[in-house]
Amino acid sequence: MAQTQRKPVYIQPEHHEILRRIAYEQRCNISDVLDVVLEQANWEEITQKASNKPAQRAAERGGNYKASRKLS
């Protein structure tokens, strides 16, 4: 069997269960289901949302930041 060039991917447990059920119903591997999902993803939208996340998280932390110790 030929080696594939797949990279490791973390799937959250609730999403893993969904993929597992689809794979079982379609009688295929989870990796096949994941390949189809990734092929159909709107990568432009995902890229845009991902680029907004660091700024959004920094803004959320900015108001709630507390120093854990005093600086001398």
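So, the pattern of salt bridges: which residues are in play, and what are the values?
Taken as a whole, this structure holds 3 salt bridges when the rule is applied. A salt bridge links Glu 17 to Arg 21, with the shortest nitrogen-to-oxygen separation between them at 3.2 Å. Taken together, the residues span about one helical turn, with Glu 17 and Arg 21 both in helix 1 (residues 13-26) at a distance of 4 residues. For Arg 21, a relative accessible area of 52% translates into the label exposed. Linked through salt bridges whose partners overlap, the residues forming this network are Glu 17, Arg 20 and Arg 21.

Rules and cut-offs
- Residues numbered from 1 in each chain as written.
- Predicted model: local features only at pLDDT ≥ 70, side-chain atom pairs only at ≥ 80, totals over all residues.
- Heavy atoms only, no water.
- Salt bridge = Lys/Arg side-chain N within 4 Å of Asp/Glu carboxyl O.
- Helix = DSSP H or I, 4+ residues; strand = E, 2+ residues; numbered from the N terminus.
- Buried < 20%, exposed > 50% of the residue type's maximum accessible area, 1.4 Å probe, protein only.

By themselves these figures say nothing about function.
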